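# Working through the structure, step by step
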Amino acid sequence: MKVVFYLNVVSPHQLPLANEIVKQIGENEFRYVYQERSMDERVQMGWGEGQLPRWCVPYAGNEDLVLAADLLYVGGMRPIDLIEKRAKAGKITVYPTERWFKPVSICRVFGLFDCSISGWVRMLFPSYRKMARRFMRWLNDDPNARCLAIGPWAAKDMRRLGVR
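Given the structure is predicted, the values throughout are model-derived calculations rather than measurements. (Residues numbered from 1 in each chain as written. Predicted model: local features only at pLDDT ≥ 70, side-chain atom pairs only at ≥ 80, totals over all residues. Heavy atoms only, no water.)

In terms of regular secondary structure, the protein chain is built from 6 helices and 8 strands. Principal-axis analysis of the C-alpha atoms gives the protein chain an extent of 50 × 40 × 25 Å. When burial is assessed residue by residue, the protein chain has 38% of its 164 residues classed as buried. For the protein chain, the proportion of contacts with a sequence separation of at least 24, taken over those separated by at least 6, is 59%. On the protein chain, roughly 10,000 Å² of surface is accessible, and the fraction owed to carbon and sulfur atoms is 55%. Computed over 25 positive and 17 negative side-chain charges, the separation of the two mean positions in the protein chain equals 8 Å. (Helix = DSSP H or I, 4+ residues; strand = E, 2+ residues; numbered from the N terminus. Buried < 20%, exposed > 50% of the residue type's maximum accessible area, 1.4 Å probe, protein only. Contact = heavy atoms within 4.5 Å. Areas by Shrake-Rupley, 256 points an atom, 1.4 Å probe, with all protein chains shown as cover. Lys, Arg positive; Asp, Glu negative; His and termini not counted. Charge placed at Lys NZ, Arg CZ, Asp CG, Glu CD.)

The next subject is the sheet that holds strand β2 (residues 30-34). Spatial strand order, β3-β2-β1-β4-β5-β8: 6 strands in an open sheet with parallel pairing. Either end of the sheet is taken by a strand with one partner, and the two such strands are β3 (56-58) and β8 (145-149). Averaged over all neighbouring strand pairs, the angle between strand axes comes to 20°, with direction disregarded. Bridge count between strand β1 (residues 3-7) and β2: 5 bridges; the pairing is parallel. Among the inter-strand pairings, V4 is bridged to a residue of β2, identified as R31. Relative to the sheet, helix α4 (residues 80-88) contacts β1, β4 (71-75) and β5 (92-97), its axis offset from that of β4 by approximately 165°. (Pairing = 2+ DSSP bridges. Axes fitted to C-alpha atoms, helices over the stretch in contact; angles between N-to-C directions.)

This is the structure in structure tokens:
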């Protein structure tokens, strides 16, 4: 079984899980595909790309791995077009997500307090609403879709969005 992690950057939070999967299935069956290189200050904080395992590869030149993987773990972005293509091909896609609707900060007065409004204000934007509907449809209709809510607030956001 070919397993691919597809993330925006190489994350020290995801590498331990990736290492354990490699131990279970072997290096030849796993790839960590990253969208872009980390910024210099992140590398200094430990988000390094200095000594990457050979199974970590950039997205450029490896697009076919992401589409063809038997199981794709996609995080840090929302590539709904790719996800829908995989659904049509009957592929398993795991989508870990943090909150979609966390409160939006609108002001900070003298550093004393922060005014914020509900993150649901994002749904006022047609493009965001359309993307959210496509995700909800995919998560509810594709038997190979898995949503891993990162925390209770993320789960609540997904339920309020209509994800079963």
